[in-house]
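Each chain, written out:
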Amino acid sequence: MDELIRLDALGAGGPYHSRSRQTITELTGTPVAELSLVPRLFVQRSMAALHEARTLPAHDRVAALTRAGRLFATGVVDGIAAEKYQHIVSRVSGMPITVVRSATSGIGRRAAEAYRTTRYARPEGAVDDWRDPLTRNGQAVWTRRGDVFAVHAAGNHPGVHTLWLEALALGYRVAVRPSRREPFTPHRLITALRESGFGDDQVVLLPTDYTVADDIIRDADLAMVYGGEEVVNKYGNDVRVLPQGPGRSKILLTGHDWETHLGMIVESVSAFGGTACVNATAVFVEGDPAPVAEAVAERLSAIPSLPPEDDGAVLPVQPVADAHAIEKYLLDHVNGATPVLGGDGVVDDLGDGSGVLRPAVFLVDRPDAPQTGIELSFPCVWFAPWSRADGIEPLRNTLVLTAITQDAGLVDRLVEDPSIRNVYLGDTPTYLMPPWVPHDAYLGEFLMRTKGVIRT
Amino acid sequence: MSTDPILDCPLDQVPEGPAFIAAAMRWHFSPETGSPYWLDRAKTLGFDPREDVRTFEDLRRFPNVANELREVRVEDLIPRGYGADADVIGVYESGGTTGPPKRVVLLRDWLERLMHRTQQSLQARGYPESGHWLSLGPTGPHLIGELIRRQAARRGGIPFTVDMDPRWVKRCIAEGRADEAERYAEHLIDQSAHILETQNVRVLATTPPLLTRLARRKALVDLINAKVAAISWGGAHMDPDTRYLLRTEVFPNVKLYGSYGSTMILGGLAERVTAPEEDLIVFDTFSPYITFSVVDPETGEVVRYGDRGQVVMHHISKSFLLPNNLERDLATRVAPPPGQMGDSVADVGPLATFENETVIEGVY
């Protein structure tokens, strides 16, 4: 990169090039971009402008979202072609280029589908408009819980930016605080939305210092916050905030036919470079988990170490110091588990200042071993023994649970447990996310409520 | 020993630096005129300031004794040369962020000198010649409130005050009671609103965080734009983006000037007057009385012009001596105007932090 890319804040009055800026570097430490950071005053004025802004009519929102998705995925936005954007994201985040490419087209597709997707969340008894003839006899109308929605975004995968598009589709004005790790995606997406019909005062990008981050939430009607356990602890009791906490996705394997599911397990662990909340981080095996772990480890160990922009790359890459910090965290937490793969370390130094995070596979000796809850941003999986006597307790607190079982009673309990958010049965990888299947419930359930209307 | 006239020079004259320093060292370290504190402290300095401190650079020989001012009896801070009837305006305390507060004594002759300088600053910046002031900030043990009250009175206005207790705010935040700090801050704004609504306030003096908070209420912004001619901010940092937004969008019709100072230098200095398009917030000093150096936090050496470093403050007057006080602020070192000892400083502020801490576990 010869010239630094300028990532302005996108305020209600247009792009804002601030005096306070954060340099965004790629994996080798080379500066790539400068991200404008805005102060509290800018945030509160932007949020006030969102509250005062009007909402586009639904059909205009749909059209604008569709156009923006196409532009984002295939067009030139802010002078940057899609291919160049993908290369930058890959070189900055270390995510394999093929994952970035499919995320790009995924965002484009989900933008076009965003409004339609929200329909899945609408209660069967509700209509969209009080003018609907059904309200004559009394009917529920589906209405927004507020007008302004804030997002503290994550930078682990561009796909996190598909979800809030549904808020825009439902008529919310939206403020996004990007992650420092990867601000390119929300910047490109919001720029595309603005070029496609949304007003500057309808969707804003507010990169801020940590100290100001909470102001964005305070000044919004509702908010969604990505983070770990600490985010859940901080916002768990705030009814205005939807935390997107740890995924801790899992696989349960019963019966003896594990070999046919090997591909599904490997894919669940390693898809998206293992960086997503829907990647499996623990596998529970009825009987002896060792042969399964060894077979998975064998497959994972065959994945080559490549720079992320290589078409064959599968594994995530980090600046080598960060990669070693993650490795140290892992090795510090092995705590008696038996290494099957990666026990001596997981970093493969590429020699240019960056390092590949290679897969890790460990065996623990009981299903309630605390290691099964460790979720790291690369393919890292803990295998544990499980028996029917252990029940569903070890399987709880899970975003996606894939269960290979014929026991309908067990499935009943998994589906009934509120801490398991999605149950996939059979040879279904944990990362599967078709738009009609809720991710962590439908976002629409949080954004909307029914209101009774009777016309006499 | 009589007072060297240079220490009592007329208010509208600026004494020559080295001659002033030499006279001040003789005053503060002679048994007849020095304060009990400094005379005692001199025994362990390892050098004789009367012989060894003659230039601005020599001030760096002093240890930073600011922490000792937490415990010293205030009587022991008054130079004996003032005699038994030193004209004490009051005793003021530091904010108390880093432990028990540090104390200083404000004597009348220094107050007069500082007020004269401040009036010149206000004049040069076009502050209104009349009208009332609203001070929304610390009063009580904090010097800033006293100084604003007197500035207002000197310009013929009534000083309205809303008291903020910064120690309570810091305590709320330290104890994780952000909601309590929030409620308290809103209580301050409510009180200010009532004064702004009912009185002819022409000057508003407050801190940057409270100014940002005032700007949340549109009705107050309108009221300030309609009534207030000048806003003085101080007591905390203002980042250049906030200043730009306040000047161009929020309060476009109001003069906006910062001040930078500390209780430990017994005063504050007004922001340098610059062209409107100039983005740098620069503070010149009140040389030779209040002076700054910008140093490398690691080596203690002065950084190059344009580089950032930690601010060292010095106060030297007949009434008080506190050289070489390392503040926690970072600033850009700026060339001083002609005749000023030491550095000017720009863009004073803390380090930016994007993330609270490095979190490894989890995918986000």
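Up top is the structure these notes are about.
Residues numbered from 1 in each chain as written. Chains lettered and ligands numbered in written order. Predicted model: local features only at pLDDT ≥ 70, side-chain atom pairs only at ≥ 80, totals over all residues. Heavy atoms only, no water.

Participant: In this structure, what is going on with the interface of chain B and chain A? I would like to understand it.
Facilitator: When the parts of a complex come together, some accessible area is lost, and that lost area is often taken as the interface size. In this complex, chain B contributes 24 residues to the contact, which on the side of chain A involves 40 residues. Here chain B meets chain A over a buried area of about 2,900 Å², counting both sides, of which 56% is carbon and sulfur. Ionic pairing is found between Arg216 of chain B and Asp219 of chain A, a salt bridge with its closest N-O pair at 3.1 Å. No other element matches helix H10 (residues 240-250) of chain B, which puts eight residues into the side of chain B that touches chain A. Taken together, the residues of the side of chain B that touches chain A break down into eleven nonpolar, five polar and eight charged. (Contact = heavy atoms within 4.5 Å. Buried area = accessible area lost by both parts, 1.4 Å probe. Salt bridge = Lys/Arg side-chain N within 4 Å of Asp/Glu carboxyl O. Helix = DSSP H or I, 4+ residues; strand = E, 2+ residues; numbered from the N terminus. Nonpolar A, V, L, I, M, F, W, Y, C, P; charged D, E, K, R; others polar.)

Participant: Looking at this model, I keep getting lost on the sheet that holds strand S6 (residues 230-233) of chain B. Mind explaining?
Facilitator: Strand pairing within a sheet occurs via backbone hydrogen bonds; the two strands may be parallel or antiparallel. Residues and elements named next belong to chain B. Across the sheet, six strands lie side by side as S4-S3-S5-S6-S7-S8; this open sheet has mixed pairing. Each edge of the sheet is formed by a strand with only one pairing partner; in this case those strands are strand S4 (159-163) and strand S8 (267-270). Across the sheet, the axes of successive neighbouring strands diverge by a mean angle of 20°, strand direction being ignored. Of the strands in this sheet, strand S3 (132-137), S4, strand S5 (201-206) and S8 touch helix H5 (residues 143-154), which is tilted by about 175° from S3. (Pairing = 2+ DSSP bridges. Axes fitted to C-alpha atoms, helices over the stretch in contact; angles between N-to-C directions.)

Participant: What am I meant to see in the sheet that holds strand S9 (residues 139-144) of chain A here?
Facilitator: All names here are of chain A. Taken together, three strands build an open sheet; the order of strands is S8-S9-S25 and the sheet is mixed. Every interior strand has two partners, whereas the edge strands, strand S8 (126-127) and strand S25 (448-453), have only one. For S8 and S9, the ladder comprises two bridges, and the chain directions are parallel. In the sheet register, Ala126 faces S9, and the bridge partner there is Ala140.

Participant: Would you take a moment to explain unusual backbone geometry for this structure?
Facilitator: Glycine aside, negative phi is the norm for most residues, and most peptide bonds take the trans geometry. Going from Ser287 of chain B to Pro288 of chain B, the amide bond is cis rather than trans, its omega being 5°. If you trace the backbone, Pro288 of chain B turns up in the loop between strand S9 (282-283) and strand S10 (290-295). Its identity as a non-glycine residue notwithstanding, Asp78 of chain A has a phi of 55°, on the positive side. Structurally, Asp78 of chain A can be placed in the loop between strand S6 (76-77) and strand S7 (80-81). Even without being glycine, Asn324 of chain B reaches a positive phi, approximately 65°. Looking at where Asn324 of chain B falls in the secondary structure, it is placed in strand S12 (residues 321-334). Residue Asn324 of chain B is classed as buried on the basis of its relative accessible area of 8%. (Buried < 20%, exposed > 50% of the residue type's maximum accessible area, 1.4 Å probe, protein only.)

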